[in-house]
Structure formats: C-alpha cells, structure tokens
Amino acid sequence: QFIAQAEQVAHDVGARFLEFVLMDGRDSAVQRFQRRTAVATTTAHIEAGELMAQFGGQPALESMYDRLLLLLSHRPAATVIQSRDGQTDSVYAELRRLVDA
C-alpha cells in the first residue's frame, strides 16, 4: 500500500517514480542479515535483529523474502538490481546508472 501511495504522490506532483529492489539470493540475504545483526553497533541494526528475533528469527526472515518475491510479481515496473555480498560499489554504480538513464 505504501508503494502505491508513494507512486500516486509522485504522479500528483509530476515527479518520476522509480522502483528499485536491491536483491541477493534468499540464503545469502538471510546470512547477510544474521552476520550484520550479530556484530551490530548501530541502533538500527541492533533493533532490526531484536525485532526479527521477536517475530520468529530465520523462518520469519525467509518468509519476508518470499513476500518480497510475491510483491515483485505485482510491480512489473520495479527494477531488480543484483546485490551480491561485497559488491557495494558496483551495486551503487548500477543504481546511479539506472537513475540517470
């Protein structure tokens, strides 16, 4: 619902609405989240780890990933950018290239 609202606001003000999803494989995404929260020092990462633990841990995270795939099937204009671990610079460059296009 939020995405549709954001898209409508962009349309209402004459702005471009771009959808990008930075995505890795399911197992890798889960492992990255777990590694990041295990050594978290920022409030956002600490709280994210605590919330995921409260909501069911790894199975809940895997379910979120699956829901993202379902959402993408309903958002044909969304552009998926492969975001592999350790490739931050190339992912950012690709995002910039697509935004500038």
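Worth saying up front: this structure is predicted, and the values here are computed from it rather than measured.

Novice: Now, about the overall build of the protein chain: what can you tell me, with residues and values included?
Specialist: The secondary structure content of the protein chain amounts to five helices and two strands. Listing every helix and strand of the protein chain by position from the N terminus yields α-β-α-α-α-β-α. Its C-alpha atoms put the protein chain at 40 × 30 × 25 Å along the principal axes. In the protein chain, which comprises 101 residues, the share counted as buried stands at 19%. Put simply, 66% of the contacts in the protein chain that link residues at least 6 apart link residues at least 24 apart. In the protein chain, the 10 positive side-chain charges and the 13 negative ones have mean positions that sit 3 Å from each other.

Novice: Please set out the pairing of strand 1 (residues 20-23) residue by residue, giving values where relevant.
Specialist: Side-chain alternation along strand 1 places Val21 and Met23 on a buried face and Phe20 and Leu22 on a face that remains uncovered. Pairing of strand 1 with strand 2 (residues 79-82) involves four bridges; the strand directions are parallel. Pairing of Phe20 across the sheet is with Thr79, part of strand 2.

Novice: Outline the environment of Arg36, supporting the account with residue identities and numerical values.
Specialist: By the secondary structure assignment, Arg36 is in helix 2 (residues 26-38). Given the relative accessible area of 37%, Arg36 is considered partly exposed. In this structure the C-alpha to C-alpha distance between Arg36 and Gly49, which are 13 residues apart in sequence, comes to 8.6 Å.

Novice: So what's going on with helix 1 (residues 2-13)? Which residues, and what values?
Specialist: The first and last C-alpha atoms of helix 1 sit 17 Å apart over twelve residues, in line with the 16 Å expected at 1.5 Å per residue. In the segment just after helix 1, Gly14 is the residue with positive phi, at about 75°.

Novice: Describe the pattern of salt bridges, listing the residues and the values that go with them.
Specialist: Pairing between side chains becomes possible if they bear opposite charge and their charged atoms approach one another. The tally for this structure, following the rule as stated, stands at ten salt bridges. Linking Arg32 and Asp85 is a salt bridge whose minimum nitrogen-to-oxygen distance equals 3.9 Å. One end of the pair, Arg32, is in helix 2; the other, Asp85, is in the loop between strand 2 and helix 5 (88-100), with 53 residues separating them in the sequence. For Asp100, the salt bridge goes to Arg96, with nearest N and O atoms at 3.9 Å. With Asp100 and Arg96 both in helix 5, this residue pair falls four residues apart, about one helical turn. Residue Arg96 is classed as partly exposed on the basis of its relative accessible area, which comes to 41%. The network of salt bridges with common partners includes Asp24, Arg32, Arg35, Arg84 and Asp85.

Novice: Hey, could you go over the packing of helix 2 against helix 4 (residues 58-73) for me, with residue numbers and the actual values?
Specialist: It is at 10 Å that the axes of helix 2 and helix 4 come closest, and there the two elements cross at 130°. By the angle class used here, helix 2 and helix 4 are oblique. Between helix 2 and helix 4 lies a crossing of right-handed hand. Contacts from Arg26, Ala29, Val30, Phe33 and Gln34 of helix 2 reach helix 4 at Gln58, Leu61, Glu62, Tyr65 and Asp66.

Calculation rules
Residues numbered from 1 in each chain as written. Predicted model: local features only at pLDDT ≥ 70, side-chain atom pairs only at ≥ 80, totals over all residues. Heavy atoms only, no water. Helix = DSSP H or I, 4+ residues; strand = E, 2+ residues; numbered from the N terminus. Buried < 20%, exposed > 50% of the residue type's maximum accessible area, 1.4 Å probe, protein only. Contact = heavy atoms within 4.5 Å. Lys, Arg positive; Asp, Glu negative; His and termini not counted. Charge placed at Lys NZ, Arg CZ, Asp CG, Glu CD. Pairing = 2+ DSSP bridges. Expected span 1.5 Å × (residues − 1). Salt bridge = Lys/Arg side-chain N within 4 Å of Asp/Glu carboxyl O. Axes fitted to C-alpha atoms, helices over the stretch in contact; angles between N-to-C directions. Parallel < 35°, antiparallel > 145°, perpendicular 65-115°, else oblique. Left-handed = near helix turned anticlockwise from the far one by under 90°.

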